[in-house]
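Per-entry structural report
Take a look at the letters that make up each chain.
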Amino acid sequence: MEKKEIIKKYASTELDVVWKPNKCIHAGECVKSLPKVYNPKEKPWIKPDNASTDELIAQISKCPSGALSYVKHSTNNKEIQ
Ligand code: SF4
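As the structure is a prediction and not an experimental result, all values here were calculated from the model. (Residues numbered from 1 in each chain as written. Predicted model: local features only at pLDDT ≥ 70, side-chain atom pairs only at ≥ 80, totals over all residues. Heavy atoms only, no water.)

**Re the packing of aromatic side chains**
- Following the criterion strictly, the structure yields two aromatic pairs and no others.
- Put simply, the rings of W19, Y38 and W45 touch in pairs and so form one group of aromatic residues. (Phe/Tyr/Trp six-rings, centres within 6.5 Å; stacked < 30°, edge-to-face > 60°.)

So, in structure tokens, the structure goes:
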């Protein structure tokens, strides 16, 4: 049986932060580096507008599990890891 992948998107002005909860190992790297964006106690738990696009991209590239990625609004919806 195929397991359905859950994909959540959190939009900022310039990009969507894409989060795949099945992949997340809850290492907390995101929360540690950008606590103003990632707060598991709040809903939505990711608020991309609280950081600049550069800050978001730098942080997303450090996610150890690959659960986080992003889609820039300007690039034909291509997913960049
Ligand atoms: S850094 Fe990645 S793996 Fe760690 S909690 Fe955040 S999303 Fe999950």
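**What about the pattern of salt bridges?**
- Enumeration according to the criterion identifies three salt bridges in this entry.
- Between K36 and E55 there is a salt bridge, with its nearest N and O atoms 3.6 Å apart. Taken as a pair, K36 in the loop between α1 (29-33) and α2 (53-60) and E55 in helix α2 lie far apart in primary sequence, 19 residues in all. (Salt bridge = Lys/Arg side-chain N within 4 Å of Asp/Glu carboxyl O. Helix = DSSP H or I, 4+ residues; strand = E, 2+ residues; numbered from the N terminus.)

**Observations regarding the side chain of Q59**
- Structurally, Q59 can be placed in helix α2.
- Once residues within four sequence positions are removed from consideration, Q59 is found in contact with E29, C30, S33, L34, Y38 and L68. (Contact = heavy atoms within 4.5 Å.)

**Looking at unusual backbone geometry**
- Following K43, the chain continues to P44 via a peptide bond in cis, the omega torsion being -10 degrees.
- Here P44 is to be found in the loop between α1 and α2.
- Positive phi, normally seen in glycine, also occurs at H26, with a value near 55 degrees.
- As for its placement among the helices and strands, H26 is situated in the loop between β2 (15-19) and α1.
- When its relative accessible area of 63% is taken as the criterion, H26 is described as exposed. (Buried < 20%, exposed > 50% of the residue type's maximum accessible area, 1.4 Å probe, protein only.)

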